[in-house]
Amino acid sequence: MVTFDYAPARYADLGEREPRRAVVRPYLLEPSLETHALYLIGFDETRGAIRTFKVERILDLSLTPRTFDPPEGPDLESVLRRAWDIIADQPDTLVRLRFAPSVAARVREATWHPTQRVEEEAGGSLLWSARVAGTIEIRLWILRWGDEVEVLAPPELRADVAATLRRALGRYEREASG
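All of these numbers come straight from a predicted model, not from anything done at the bench.

Q: How do you make sense of the overall build of the chain when you look at a structure like this?
A: Each helix and strand in the chain was counted, giving four helices and nine strands. Its helices and strands in sequence order give the chain the pattern β-β-β-β-β-α-β-α-β-β-α-β-α, from N to C terminus. Judged by the C-alpha coordinates and their principal axes, the chain covers about 60 × 45 × 25 Å. The buried share of the chain, taken over its 178 residues, is 35%. Here the contacts in the chain between residues at least 6 apart in sequence split such that 54% fall between residues at least 24 apart. Here the chain has roughly 11000 Å² of accessible surface; of this, 53% comes from carbon and sulfur atoms. Within the chain, one finds 25 positive and 29 negative side-chain charges whose respective centroids are separated by 3 Å.

Q: Is there a simple way to think about the environment of L126 in this case?
A: Here L126 lies in strand β8 (residues 126–133). For L126, a relative accessible area of 0% translates into the label buried. C-alpha separation for the pair L126 and E137, spaced eleven residues apart in sequence, amounts to 21 Å. Setting aside chain neighbours within four positions, we find L126 in contact with L97, R98, F99, A104, V107, R108, V118, E119 and E120.

Q: Mind showing me how you'd approach the nonpolar core here?
A: V95, L97, F99, W128, I138, W141 and I142 are the most contacted members of the largest nonpolar core, which totals 19 residues. In terms of residue count, the dominant contributor to this core is β8 (four residues). Setting aside its immediate chain neighbours within four residues, W128 contacts W84, V95, R96, L97, F99, V107, W112, Q116, R117, V118, I138 and W141. With ten residues, the next largest nonpolar core counts A37, L76, L80 and I87 among its residues.

Q: How should the pairing of strand β7 (residues 117–120) be read in this particular structure?
A: For a regular strand, side chains alternate in direction, first toward one face of the sheet and then toward the other. Where β7 lies against β8, four bridges are found, and the strand directions are antiparallel. By the bridge assignment for β8, E119 is matched with L127. As consecutive antiparallel partners, β7 and β8 are separated by five residues, and within that stretch G123 has a phi angle of approximately 95°, a positive value.

Q: Help me understand the packing of aromatic side chains, please; the structure alone is not making it clear to me.
A: Geometrically, a pair of aromatic rings is defined through the distance of the ring centres and the angle of the planes. Under the criterion given, the structure shown has twelve aromatic pairs. Geometrically, the ring pair formed by F4 and Y6 is edge-to-face, given 6.3 Å between the ring centres and 70° between the ring planes. Here F4 matches Y6 in class, with each residue buried. Ring plane angle 85° and centroid distance 6.0 Å describe the contact between W112 and W145, whose orientation is recorded as edge-to-face. Pair noted here: W112 is in the loop between α2 (101–108) and β7 and W145 is in the loop between α3 (136–144) and β9 (149–153), with a separation of 33 residues, a long-range link. For W112, a relative accessible area of 29% puts it in the partly exposed group. Using a relative accessible area of 9% as the deciding quantity, one classes W145 as buried. Among the aromatic residues, those joined into a cluster by ring pairs are W84, F99, W112, W128, W141 and W145.

Basis of the calculations
Residues numbered from 1 in each chain as written. Predicted model: local features only at pLDDT ≥ 70, side-chain atom pairs only at ≥ 80, totals over all residues. Heavy atoms only, no water. Helix = DSSP H or I, 4+ residues; strand = E, 2+ residues; numbered from the N terminus. Buried < 20%, exposed > 50% of the residue type's maximum accessible area, 1.4 Å probe, protein only. Contact = heavy atoms within 4.5 Å. Areas by Shrake-Rupley, 256 points an atom, 1.4 Å probe, with all protein chains shown as cover. Lys, Arg positive; Asp, Glu negative; His and termini not counted. Charge placed at Lys NZ, Arg CZ, Asp CG, Glu CD. Core = buried A, V, L, I, M, F, W, Y, C linked by side-chain atoms within 4.5 Å. Pairing = 2+ DSSP bridges. Phe/Tyr/Trp six-rings, centres within 6.5 Å; stacked < 30°, edge-to-face > 60°.

Here you go:
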């Protein structure tokens, strides 16, 4: 068992928050190809659930004398299967996307997530869906496709991606006019 202070991610809309104390049964250390970071995955006794911790934000870690047995029930691999990359502790979310014909072949030729389903539309567009753990990580992947993808569901992700693209457009328009 380990205890540590965990510094929250710094997002502009959340303001400054203090680190929280966590008591964790560490299960594994997992690298992320997306973020080029290392994550600790384990059962957070203070939150009562499996959580993912970015190692760079772990402060003052100490080993405790307490031990624990491996988890029972669904194995960790099946829990992690829901993650887009590394974060598996978010709500199960159905993401539906429409890709433009110009990138449909590239999207179709890869398995992006084990739960994905693809369906070709008339005109060459591709409907893509997957059931993932939250939208934090898949959001960045979606934004990489620029104007060649449209978020169909969930509505909150569609609104978030649209707002992000509007902010980017505003930045480019200001630079072009100034």
